[in-house]
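A structural walkthrough
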Amino acid sequence: MSGIDDLLAESNDRWSRARRNVQDVQDLGLSQALKTYYIRYFPAGVLILVAAGTGVSLLIFGGTLSRWTSYLAFGFALAAGGTVIGGLIYNTKKVSSAARIPRADILYPLESEERKQINRQIAGKSPIDREHLSVTRAGAVQQRKSLATLLLLMPSNLILFTAIAANWAGQEDPLVWVMLIVVALSTVVILFLVRDFRRTGRLLTTTSEE
């Protein structure tokens, strides 16, 4: 039985180290931070940058309104760059302070299968392990913080691909359909990120009293 005892001891030691890592880990308002960004800053920034970029390109390059798709594409490209910069700044100023987590991976002490089990619990695919609930909740906060950062930055790709599609459409490029597919796939990726972000929040809410 010594072999089984050794395995149990090693497992208990890994979970003990993980529990020490997750002390004070907490979501301090990631949902509200994202909501504020997408209600207040993101739409205003995109509209201003698209309008400014379109107007500036029209003035600089001249031409007629028949090439409006090219001018609009320049505006979207400017908005894509602006949302990356704005997203990084907002992430540093607001999102980073909306979650209390250590810099290192809090699940590092655990083995691969143990990590997968926690991820399945967070995704709602496995029952919650009450014995290690604090580690599971901390893992959800860690995922939630990473997802929040991605949700700040990923829309810039969607805007950039939209700019390329608009430009190609104006030039009647047959590859415009390829870019439209890329735009659709980018939208799907963002929707999956939103789904996962909501899943982590749901786990934190349903286990908050335990």
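Quick summary incoming for the structure in this document.

Notes on the overall build of the protein chain
Looking only at helices and strands, the protein chain features 6 helices and 2 strands. Ordering the α and β elements of the protein chain from the N terminus gives α-β-α-α-β-α-α-α. Taken over the C-alpha trace, the protein chain has a radius of gyration of 23 Å; the compact-globule value for 210 residues is 17 Å, which it surpasses by more than 25%. Dimensions along the principal axes, computed over C-alpha positions, put the protein chain at roughly 85 × 35 × 25 Å. Going through the 210 residues of the protein chain one by one, you find that 36% of them count as buried. Of the contacts made within the protein chain by residues no fewer than 6 positions apart, 79% connect residues no fewer than 24 positions apart. Element-wise, carbon and sulfur atoms account for 63% of the exposed surface of the protein chain, whose accessible area totals about 12,500 Å². Averaging the locations of the 23 positively and 17 negatively charged side chains of the protein chain gives two centres separated by 10 Å.

Observations concerning the packing of aromatic side chains
Two aromatic rings, taken as a pair, are described by how far apart their centres are and by the angle between their planes. One pass over the full model with this rule turns up 5 aromatic pairs. Taking 5.0 Å as the distance between ring centres and 45° as the angle between the ring planes, the aromatic pair formed by Y37 and Y90 counts as tilted. Taken as a pair, Y37 in helix 2 (residues 30-61) and Y90 in helix 3 (residues 68-95) lie far apart in primary sequence, 53 residues in all. Looking at Y37, the relative accessible area reads 4%, which means it is buried. The class for Y90 is buried, based on a relative accessible area of 10%.

Calculation criteria
Residues numbered from 1 in each chain as written. Predicted model: local features only at pLDDT ≥ 70, side-chain atom pairs only at ≥ 80, totals over all residues. Heavy atoms only, no water. Helix = DSSP H or I, 4+ residues; strand = E, 2+ residues; numbered from the N terminus. Rg over C-alpha atoms; globule rule 2.2 N^0.38 Å. Buried < 20%, exposed > 50% of the residue type's maximum accessible area, 1.4 Å probe, protein only. Contact = heavy atoms within 4.5 Å. Areas by Shrake-Rupley, 256 points an atom, 1.4 Å probe, with all protein chains shown as cover. Lys, Arg positive; Asp, Glu negative; His and termini not counted. Charge placed at Lys NZ, Arg CZ, Asp CG, Glu CD. Phe/Tyr/Trp six-rings, centres within 6.5 Å; stacked < 30°, edge-to-face > 60°.

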